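# Structural features, examined
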Amino acid sequence: MSVTERFKTMEKGFGLVQALAEAERCLLCHDAPCSKGCPAETDPATFIRKLRMRNVKGAIRTVKTNNALGGACGVLCPTARLCEKECSATGIVRPIAIGKIQRFLVEHSWEIGFEPLAAKPARAEKVAVIGSGPAGLSCAAELAKEGFPVTMFEERAEPGGVIRYGVPAYRFDAAFLKNEMAIFERLGVTFVCNTRIDGASGAKKLLADGFAAVFLGPGLWAAERLPGAEKVKGVRTSVEFLAALRGKQVAGLAKEFEGKTVAVIGGGSVAMDCVESALKLGAKDAYLVYRRSFAQMPAEEDERVAALRLGVHFLVLNQPVKYLADGKGKLKGLKLVRTRLGKPDASGRRKPEPIKGSEWVLDVTAAVEAIGNKADAADWSAMVKVDEAGLVVVNGKTRKTSARKIFAGGDIVRGPALVVEAVQDGKLAARAIRAALGQEVKV
Ligand SMILES: Cc1cc2nc3c(=O)[nH]c(=O)nc-3n(C[C@H](O)[C@H](O)[C@H](O)COP(=O)(O)OP(=O)(O)OC[C@H]3O[C@@H](n4cnc5c(N)ncnc54)[C@H](O)[C@@H]3O)c2cc1C
Ligand code: SF4
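Residues numbered from 1 in each chain as written. Chains lettered and ligands numbered in written order. Predicted model: local features only at pLDDT ≥ 70, side-chain atom pairs only at ≥ 80, totals over all residues. Heavy atoms only, no water.

### Comments concerning the environment of Pro344
Keep this limit in mind: Every helix listed is a DSSP run of H or I at least four residues long, and every strand listed is a run of E at least two residues long, numbered separately from the N terminus. Exposure is judged per residue with a 1.4 Å probe applied to protein chains only, and the accessible area is read against the type maximum: over 50% gives exposed, under 20% gives buried, and values in between give partly exposed. Any pair of residues with heavy atoms lying within 4.5 Å of one another is described as a contacting pair.
Relative to the elements of secondary structure, Pro344 occurs in strand β11 (residues 331-344). Take Pro344: its relative accessible area is 54%, and that puts it in the exposed class. If we skip the residues at most four places from it in the chain, Pro344 touches Arg349 and Arg350.

Here you go:
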């Protein structure tokens, strides 16, 4: 397989026979713990029960009406700590593969051309959505179904947010995304891409231009950097690196990575995507550098285990000190210091403390920093209340901000979170917007 092909498509999901066999194992629990475990109320107990009864279209309807991004969630949700964690079958053999069943239902709906979502007759009140990631898309779908004309403003060339420009295609590919996005056009959502709404002034202008409400879903796109990183050639942020892989730059990156030693800095899921991608690009050795312990890594356990199996070298309890460059400013090494775990910090996690005199150099020619993202320079604070990290503060039930007619959700509210959580924020905000615009709806 060529290096470009390695980044093109994701693994196939369940077919009908596998999905039915899996649904057969479901215990049809009356109290449906799996449904309580879904942050977006996708209701797995109901769609699995319908599938088991051979009501395939009904099952598809349940997924899609509850979650406009049911396909993305079926593929990307860390189900082991959500619905599948709650599944009663866990104690007997293993949990029902809820995510895979959900993905099957959505893919099957495309195959048979069955689309249960439709827009009600058009209403007058227009709504603007800033940012077309999962939070914005979910909000847009809920409103468009009710007949509200929705315009989505997106800074980048194409809609999708992280699921288009972040998650590597071997986990979520372009063909799947295209199918998932088709519903938004069918519901009449207008996309205005290559258009950045610049913070509070931009949002205020949308209201002045006649939008009855605004939903903010810009996510977090400004990468945290280590000191001096900008000056060294060969050091990238995870945002740049992953976006380049989703663009047409795989072959170019492969030339840089093939046969080389590469470091990825960070311990979260994004770092895992980066380090696995580095190996797929042909890196001889890919090191994951993390200043805390293996057990403290925020990445999911299955992701960590998968990375170990792929041959990633885990350099835990090692903290970057500085990048070393050659005479032309090109990366030639990463100076590290070993750490030991000290006393717990405010969050209860034991803090890594550098061990004096334990500095050493890892020879690398490329590095990717995956040490967190923050809100970018578009400053919403002149309009809505934000916390000290720049995250927008909202009402927990309605996702309403401190400003009239402005709602928000997704990573800009929660910090780095999950697709399914962004979907739920979009749903809750849409419900509150509908209520604010005079529809009778339980908020
Ligand atoms: C590499 C990576 C892998 C991930 N993998 C998973 C996973 O496997 N499973 C999972 O559940 N979650 C995963 N996540 C997290 C998940 O993708 C996010 O929680 C989710 O995308 C947040 O959705 P959002 O709509 O808030 O923001 P985003 O997806 O970030 O979308 C925000 C959109 O707003 C646009 N925008 C920003 N500012 C402006 C502006 N001023 N004007 C106009 N447009 C603007 C951006 O271009 C972007 O398109 C991953 C995250 C990353 C970074
Ligand atoms: S908890 Fe598991 S066994 Fe029970 S209804 Fe949900 S999927 Fe079926």
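### Things to note about the pairing of β11
This is how it is decided: DSSP-based pairing: two strands are paired if at least 2 bridges between them are found.
As judged from the seven bridges shared by strand β10 (residues 318-325) and β11, these two strands associate in the antiparallel manner. Paired with Gln319 across the two strands is Val337, which belongs to β11.

### Quick look at the site of ligand 1
For clarity, the threshold we go by: Any residue with at least one heavy atom within 4 Å of a molecule or strand is counted as near it. The term polar contact refers here to a pair of N or O atoms within 3.5 Å; inside protein, the definition further demands a hydrogen-donor-capable atom paired with an acceptor-capable atom, and it admits residues adjacent in sequence only when both atoms are side-chain atoms. Surface accessibility in these figures is a Shrake-Rupley result with a 1.4 Å probe; residues are shielded only by whichever protein chains are displayed. Throughout this entry, Asp, Glu, Lys and Arg are counted as charged residues, while Ala, Val, Leu, Ile, Met, Phe, Trp, Tyr, Cys and Pro are counted as nonpolar. The remaining residues, Gly among them, count as polar. Each domain's limits were defined by an automated method or a database of domain assignments.
What surrounds ligand 1 is a group of 33 residues, the closest being Glu154, Arg156, Arg171, Trp221 and Asp411. The side chain of Asp411 places a nitrogen or oxygen atom 2.8 Å from an oxygen atom of ligand 1. Note that an oxygen atom of ligand 1 is positioned 3.1 Å from one of the backbone N or O atoms of Ala417. Compared with its free state, where it exposes 1000 Å², ligand 1 has 95% of that area covered by protein. Of all the secondary-structure elements, those providing two or more residues to the shell around ligand 1 are α9 (134-145), α15 (269-280) and α18 (419-436). Class assignment of the residues belonging to the shell around ligand 1 gives a composition of 17 nonpolar, nine polar and seven charged. Here the shell around ligand 1 gathers at least three residues from each of two domains, domain 2 (127-220 + 375-436) and domain 3 (223-373).

### Observations regarding the packing of helix α8 (residues 98-112) against helix α11 (residues 174-186)
Quick note on the threshold: Angles run from 0 to 180 degrees between N-to-C directions of axes, and those axes are lines fitted to C-alpha atoms, restricted for helices to the stretch in contact. In these notes the angle categories are as follows: under 35 degrees is roughly parallel, over 145 is roughly antiparallel, 65 to 115 is roughly perpendicular, and the rest is oblique.
Closest axis-to-axis distance for the α8/α11 pair is 11 Å, and the angle between their directions is 75°. Accordingly, the angle class assigned to the pair α8 and α11 is roughly perpendicular. Residue-level contacts link Arg103, Val106, Glu107 and Trp110 of α8 to Phe176, Asn179 and Glu180 of α11.

### Digging into the sheet that holds strand β1 (residues 127-130)
Working definition: the strands of a sheet are paired by backbone hydrogen bonds and lie parallel or antiparallel to each other. Strand order across the open sheet formed by five strands is β3-β2-β1-β4-β16, with parallel pairing between neighbours. In this open sheet, the two strands that pair with only one neighbour each are β3 (190-192) and β16 (406-408). Taken over all neighbouring pairs, the strand axes of this sheet differ in orientation by 20° on average, direction set aside. Here β1 pairs with strand β2 (residues 150-153) via four bridges, running parallel. Looking at the pairing, Ala128 lines up with Thr151 of β2. Across the face of the sheet, α9 comes into contact with β1, β2, β3 and β4 (213-216) while running at roughly 170° to β2.

### Side note on the domain arrangement of the protein
Note the threshold: By buried area we mean how much accessible surface two parts lose on assembly, using a 1.4 Å probe and totalling the loss over both.
Looking at the assigned domains, one finds that the protein contains domain 1 (9-112), domain 2 (127-220 + 375-436) and domain 3 (223-373). Put simply, the middle of domain 2 and the middle of domain 3, counted by C-alpha atoms, are 30 Å apart. The interface is formed by 13 residues belonging to domain 2 together with eight residues belonging to domain 3. Of the roughly 920 Å² buried between domain 2 and domain 3 on both sides combined, carbon and sulfur atoms contribute 47%.

### Describing the packing of helix α5 (residues 56-66) against α8
Our working rule: It is the rotation of the near helix from the far one that decides the hand of a crossing: anticlockwise by less than a right angle makes it left-handed, clockwise makes it right-handed.
The interhelical angle for the contact between α5 and α8, taken along N-to-C directions, is 110°, at an axis separation of 9 Å. Between α5 and α8, the angle falls in the class roughly perpendicular. In this structure, the crossing between α5 and α8 has a hand that is left-handed. Residues Val56, Lys57, Ala59, Ile60, Val63 and Lys64 of α5 lie in contact with α8, whose contacting residues are Gln102, Leu105, Val106, His108, Ser109, Trp110 and Ile112. In terms of residue class, the contact of α5 with α8 is built from eight nonpolar, three polar and two charged.

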